[in-house]
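# A look at the structure
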Amino acid sequence: MLVTSPIDDLHTVRDYLRYVSSRFADSPLFFGHGTDNVWDEAVQLVMRSLHLPLENNTLFLDARLTRNERQLIVERMERRIEERVPLAYLLGEAWFMGLPFHVDERVLVPRSPLGELIESGLQPWLGEHEVGRMLDLCTGSGCIGIAAATVFEEAKVDLSDISPDALEVAAANIEYHEVGDRVRALRSDVFEGINGRYDVILSNPPYVDAEDIADMPAEYGHEPELGLAAGGDGLDIAHRILAGAAEHLNPGGLLIVEVGNSWPALQEAYPDLPFTWLEFENGGDGVFLLTAEDLN
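Residues numbered from 1 in each chain as written. Predicted model: local features only at pLDDT ≥ 70, side-chain atom pairs only at ≥ 80, totals over all residues. Heavy atoms only, no water.

### Examining the pairing of strand S7 (residues 249-258)
Among the 10 residues of S7, 7 are classified as buried, and the element is accordingly described as predominantly covered. Bridge count between S7 and strand S9 (residues 287-291): 5 bridges; the pairing is antiparallel. Opposite Leu-255, over in S9, you have Leu-290 as the bridge partner. (Buried < 20%, exposed > 50% of the residue type's maximum accessible area, 1.4 Å probe, protein only. Helix = DSSP H or I, 4+ residues; strand = E, 2+ residues; numbered from the N terminus. Pairing = 2+ DSSP bridges.)

### Topic: the side chain of Ser-141
Along the chain, Ser-141 falls in the loop between strand S3 (133-137) and helix H7 (143-151). A relative accessible area of 3% means that Ser-141 is categorised as buried. Looking at Ser-141, its side chain comes within polar contact range of the main-chain nitrogen of Cys-143, at 3.4 Å. Non-local contacts of Ser-141, meaning those with residues more than four positions away in its chain, are made with His-102, Val-103, Val-107, Pro-110, Val-169, Ala-170 and Asn-173. (Polar contact = N/O pair within 3.5 Å; in protein donor to acceptor, adjacent residues only side chain to side chain. Contact = heavy atoms within 4.5 Å.)

### Section: the sheet that holds strand S5 (residues 183-187)
As summarised here, the arrangement of the 7 strands in space is S5-S4-S3-S6-S7-S9-S8, forming an open sheet in which the pairing is mixed. Each end of this open sheet is capped by a strand with a single partner; those strands are S5 and strand S8 (276-277). This element, helix H8 (residues 164-176), spans strand S4 (156-161) and S5 of the sheet and lies at about 175 degrees to S5. (Axes fitted to C-alpha atoms, helices over the stretch in contact; angles between N-to-C directions.)

### As for the packing of aromatic side chains
Enumeration over the complete set of coordinates arrives at 5 aromatic pairs. Pairing Phe-275 with Trp-277 gives two aromatic rings, centres 5.4 Å apart and planes at 35 degrees, and the pair type is tilted. Judged by relative accessible area, Phe-275 falls into the buried class, the value being 11%. Where Phe-275 meets Phe-288, the ring centres are 5.0 Å apart and the plane angle is 70 degrees; that geometry is what we call edge-to-face. (Phe/Tyr/Trp six-rings, centres within 6.5 Å; stacked < 30°, edge-to-face > 60°.)

### Describing the state of the cysteines
One pass over the full model with this rule turns up 0 disulfides. Free of any disulfide, Cys-138 has its nearest cysteine sulfur in Cys-143, 12 Å distant. (Disulfide = S-S within 2.5 Å.)

### Considering helix H2 (residues 13-25)
The first and last C-alpha atoms of H2 sit 18 Å apart over 13 residues, in line with the 18 Å expected at 1.5 Å per residue. Among the residues of H2, those classed as buried are Val-13, Tyr-16, Leu-17, Tyr-19, Val-20, Ser-21 and Phe-24. Tucked inside the fold, the buried residues of H2 contact helix H1 (6-9), helix H3 (38-49) and helix H4 (67-82). (Expected span 1.5 Å × (residues − 1).)

### Here we look at the packing of H2 against H4
Direction vectors running N to C along H2 and H4 enclose 15 degrees, while the axes themselves pass 11 Å from each other. By the angle between their axes, H2 is roughly parallel relative to H4. Handedness of the crossing formed by H2 with H4: right-handed. On H4, the residues touching Tyr-16, Tyr-19, Val-20, Arg-23 and Phe-24 of H2 are Arg-70, Ile-73, Val-74, Met-77, Glu-78, Arg-80 and Ile-81. (Parallel < 35°, antiparallel > 145°, perpendicular 65-115°, else oblique. Left-handed = near helix turned anticlockwise from the far one by under 90°.)

### Quick notes on the environment of His-239
Considering the arrangement of structural elements, one finds His-239 in helix H10 (residues 236-244). Beyond its immediate sequence surroundings of up to four residues, His-239 is in contact with Asp-233, Ala-269 and Tyr-270.

### Here's the deal with the packing of H2 against H3
For any two helices packed against each other, one specifies the crossing angle of their axes together with the interaxial distance. Here H2 crosses H3 at 135 degrees, and the two axes come no closer than 9 Å. Considering the angle they form, H2 stands oblique to H3. The two elements H2 and H3 meet at a crossing, and its hand is right-handed. Contacts from Val-13, Tyr-16, Leu-17, Val-20, Ser-21, Phe-24 and Ala-25 in H2 reach Val-38, Trp-39, Glu-41, Ala-42, Val-43, Leu-45, Val-46 and Met-47 in H3. Along the lines of polarity and charge, the residues of the contact of H2 with H3 split into 13 nonpolar, 1 polar and 1 charged. (Nonpolar A, V, L, I, M, F, W, Y, C, P; charged D, E, K, R; others polar.)

Now the structure itself:
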């Protein structure tokens, strides 16, 4: 029996959206790196492999693809299924707060709910406080700090990380978004390489506890463990942030940190700290806010 390749039978964008969706639906994939369902994952793979927009793209649905384009889509689809590689790594890009960022396996795939908070200008929490300096602590790809720089257009923003590999990616994203006049990447182990004070410190540090690390879907195995694991209870880095933040915040400054599922353990560890646990319309939890005065 003659076996043909899908690239011999399928020719249009519409064909590949249907085919990739069907293959994904028949596979034990986990969606947690930018999409949460089969269809959105298929749309992102097909459209971005072709450098086409993710929205307002119906004009292209019946466009015929070259053989090289068809082959690229099928190869990426097969790697997503067989190797369980997060789609962002296959594409070399991820979207955060509506902005594209370069990503690869040196950094986590952006997925923090902090984007929703940044889009709101950190309101109502920031009030009338002016933002002159911001710090994105444990920056990874730099997406949080760079996105914040697009909202706070007068602020100077530092992106810090302990990983030289991550800082290379962050530096590439600074250049890509042309914000090098206000944004810089710094190597620092939490606050050990940080000087001065900030009006806002944002952080999505490692916070996954040992039990969750052991139980994670295969997709997470492609991400750097340095960006995920934080000890038995997931709080190794959070403890250090809370210990050092006060001396790096200006009066009226904000500390906003994502700790994910480790938030009950953090609350229990600091019963006297007046954490504000933020809520998000688009999903996500485990993000606390403290003011400089709360920490003092």
